[in-house]
Amino acid sequence: MTKKFFLVFSVVAILAMLAACAPTAAPTQQQGSGETQAQAQPAAAGNCKDSPTPPPLAKKDTYKVGFSQVETNNPWRIAQTESMKAEAAKRGWELVYTDAGGSEAKQIADIESMIAQKVDLIFMAPRSEKPLAEAALKAKAACIPVIMLDRDVDHSIAAPGKDYVTMIGSDFVKEGEMAAEWLAKATNNKAIIIELEGTVGSSPAIDRKKGFDEAIKKYPDMKIVASQTGDFARDKGRQVAETLLQAHPDATAIYAHNDEMAMGAIAALEAAGKVPGKDVIIVSIDGTKDAAQAIIDGKLGATVECNPKFGPKAFDTAIAYANGETFPAKIVNPDRFFDSTNAAAYLPEAY
Ligand code: GYE
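Colleague: So what exactly am I meant to see when it comes to the overall build of the protein chain here?
Modeller: For the protein chain, the helix and strand inventory stands at 11 helices and 12 strands. Here the protein chain, with 351 residues, has 48% of them falling under the buried criterion. Within the protein chain, contacts between residues separated by at least 24 positions form 74% of all contacts whose residues are at least 6 apart in sequence.

Right, here's the structure in full:
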């Protein structure tokens, strides 16, 4: 009897407990279905952060857009900024322009300020691949679409087509290959090379090295004996070239990741009593006016073009995005090549 009573009591007690739990169980289920709905249309609900696509851009007659420039210490950057400003003026768009002065921390702050100013879209020329990928995620979380210009970010942190719209820029690997192939011809496949690398962790520095390294593998007598960053700057390029030339007086070639560092290398060679273009052959990338002149003067061997005039394409891409177009991960700018055969013809249009 006691056992039976205990059993009945236990069943009643369990049922009572279940009943008490029921009200909490119900809202949990509702919450669950709410989450599913939010995932289906995250951007519309204002949850851009977790969206599988970049934030949308509304169709408007005019926009307020940001352009986050990395630095303005070289002609390439100045030409790019001019092109962006001219295009904004032509279309009557408001341009919030910032210059990070070569500082990652400043560039991140610049982007945060653009977010606070509620720009419609950000054009970003990211200094390096990792820290600026985080800044792109912040813009996404604030529902502001980003288009990368001339440099990319690390895709494992922020991905094109998901976290930002696309990247517009040159094929840096190909630029490195073209520089290597020209140098192979000019030196009869035999060279002791000093490499002046671009900004550490930036996509053009990474890929220009990769393309060049791959291409010279075919030539066993072409060897890089020293490789160091000159931060894409003329003065730094000169200092680094001076040091590396002292350590490797037998160097016969210099590969510079941009023309400004090549100009620095020319100065370093002349200061060391060597004849650039004869004692040491130089090849670089960009196509600046100084580089074209140096080719004409016989001091620089060749330069692979990297076009800085982004304005028209950048703004066209923003409009196409507002119109619902989708893009590849990268929109590739076509580049030309300048050496002694065409530098003079190119000079009048060089920047
Ligand atoms: O070659 C260099 C500039 O990111 C492609 O950066 C760009 C490079 C360009 O400062 O001169």
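Colleague: What am I meant to see in the layout of surface pockets here?
Modeller: Empty space among the atoms can be located by rolling a probe the size of a water molecule over them. Its volume calculated, the largest pocket comes out at about 180 Å³. Grouping the constituent residues of the lining of the largest pocket by class yields 5 nonpolar, 4 polar and 1 charged.

Colleague: Looking at this model, I keep getting lost on the state of the cysteines. Mind explaining?
Modeller: A disulfide bridge is the covalent bond that connects two cysteines by way of their sulfur atoms. Enumeration according to the criterion identifies 1 disulfide in this entry. Covalently, C48 is tied to C143 through a disulfide, its sulfur atoms 2.0 Å apart. With the S-S bond torsion at 105°, the cross-link from C48 to C143 turns out right-handed. Placement of C48 in the loop between α1 (2-40) and β1 (64-69) and of C143 in the loop between α4 (131-141) and β4 (146-149) is noted, with a sequence separation of 95 residues between them. Under the relative-accessibility criterion, C48 is labelled buried at 2%.

Colleague: How do you make sense of the nonpolar core when you look at a structure like this?
Modeller: When a protein is soluble and globular, its nonpolar side chains tend to lie buried together. In this structure, F123, L149, L183, I193, L196 and L300 are the most contacted members of the largest nonpolar core, which totals 74 residues. Counting residues per element, this core draws most heavily on helix α8 (residues 259-271), at 7 residues. Counting contributing residues per domain, this core is built from domain 1 (52-169 + 308-333) and domain 2 (172-306), each supplying no fewer than three. Ignoring anything within four residues of it in the chain, the contact list for I193 reads L183, F212, I216, M222, K223, I224, V225, A226, A253 and Y255.

Colleague: Would you mind going over the sheet that holds strand β7 (residues 222-229) with me for this structure?
Modeller: In a beta sheet, neighbouring strands are held together by backbone hydrogen bonds and run either parallel or antiparallel to one another. If you walk across this open sheet you meet the 6 strands as β7-β6-β8-β9-β10-β12, and the pairing is mixed. Either end of the sheet is taken by a strand with one partner, and the two such strands are β7 and β12 (337-338). Direction of pairing for strand β8 (residues 253-256) relative to strand β9 (residues 281-286): parallel, over a ladder of 3 bridges. Paired with Y255 across the strands is V283, a residue of β9.

Colleague: What is the right way to read the packing of aromatic side chains from this model?
Modeller: Aromatic rings in a pair are described by how distant their centres are and how their planes are angled relative to each other. With the rule as written, the count across this model stands at 8 aromatic pairs. The interplanar angle of 45° and the centroid separation of 5.9 Å between the aromatic rings of F67 and Y97 together place this pair among those described as tilted. Pair noted here: F67 is in strand β1 and Y97 is in strand β2 (residues 94-99), with a separation of 30 residues, a long-range link. When its relative accessible area of 0% is taken as the criterion, F67 is described as buried.

Colleague: Before we go on, may I ask you to explain unusual backbone geometry in this structure?
Modeller: Trans peptide bonds make up most of the peptide bonds, and negative phi angles are found at most residues other than glycine. At D150, a residue that is not glycine, the phi angle is positive and equals roughly 65°. Tracing the chain through its elements places D150 in the loop between β4 and β5 (166-170).

Colleague: Looking at this structure, how should I read the sheet that holds β1?
Modeller: An order of β2-β1-β3-β4-β5-β11 is seen for the 6 strands of this open sheet, with the pairing classed as parallel. Because the sheet does not close on itself, it has two edges, and the strands there are β2 and β11 (330-333). The sheet shows a mean angle of 15° between the axes of neighbouring strands, direction not considered. Bridging between β4 and β5 involves 3 bridges; their strand directions are parallel. When the bridges of β5 are listed, M148 appears paired with M167. Sitting on the sheet, helix α2 (residues 75-91) touches β1, β2, β3 (121-124) and β4, and the angle it makes with β1 is about 175°.

Colleague: How should the packing of helix α3 (residues 104-116) against α4 be read in this particular structure?
Modeller: Each packed pair of helices is defined by two parameters, the angle between the axes and the distance between the axes. Taken N-terminus to C-terminus, the directions of α3 and α4 make an angle of 5°; their axes are 10 Å apart at the nearest point. With respect to each other, α3 and α4 are oriented roughly parallel. Contacts between α3 and α4 pair E104, Q107, I108, I111, E112 and I115 from the former with P131, L132, A135, K138 and A139 from the latter. Considered class by class, the residues forming the contact of α3 with α4 number 7 nonpolar, 1 polar and 3 charged.

Colleague: What is the right way to read the site of the ligand from this model?
Modeller: As a structural note, the neighbourhood of the ligand is formed by N74, W76, R77, D150, R151, F172, P204, R208, N258, D286 and C306. At a separation of 3.2 Å, an oxygen atom of the ligand approaches a polar side-chain atom of N74. In this structure, D286 approaches the ligand through a side-chain N or O atom, which is 2.6 Å from an oxygen atom. Relative to its free-state accessible area of 300 Å², the ligand is covered by the protein chains to the extent of 100%. Put simply, the ligand lies in the largest cavity. For the shell around the ligand, the elements supplying multiple residues, two or more each, are α2 and α6 (203-216). Residue classes in the shell around the ligand are distributed as 4 nonpolar, 2 polar and 5 charged. No fewer than three residues from each of domain 1 (52-169 + 308-333) and domain 2 (172-306) sit in the shell around the ligand.

What counts and how
Residues numbered from 1 in each chain as written. Predicted model: local features only at pLDDT ≥ 70, side-chain atom pairs only at ≥ 80, totals over all residues. Heavy atoms only, no water. Helix = DSSP H or I, 4+ residues; strand = E, 2+ residues; numbered from the N terminus. Buried < 20%, exposed > 50% of the residue type's maximum accessible area, 1.4 Å probe, protein only. Contact = heavy atoms within 4.5 Å. 1 Å grid on protein atoms, 1.4 Å probe; cavity = no way out; pocket = protein on both sides within 12 Å on 5 of 7 lines; lining within 4 Å. Points joined across faces, edges and corners; volume = space filled by probe spheres on them. Nonpolar A, V, L, I, M, F, W, Y, C, P; charged D, E, K, R; others polar. Disulfide = S-S within 2.5 Å. Core = buried A, V, L, I, M, F, W, Y, C linked by side-chain atoms within 4.5 Å. Domains from an automatic or database assignment. Pairing = 2+ DSSP bridges. Phe/Tyr/Trp six-rings, centres within 6.5 Å; stacked < 30°, edge-to-face > 60°. Axes fitted to C-alpha atoms, helices over the stretch in contact; angles between N-to-C directions. Parallel < 35°, antiparallel > 145°, perpendicular 65-115°, else oblique. Near = heavy atom within 4 Å. Polar contact = N/O pair within 3.5 Å; in protein donor to acceptor, adjacent residues only side chain to side chain. Areas by Shrake-Rupley, 256 points an atom, 1.4 Å probe, with all protein chains shown as cover. Sits in = over half its atoms within 2 Å of the grid points.

Remember, this is a structural readout, not a statement about activity or role.
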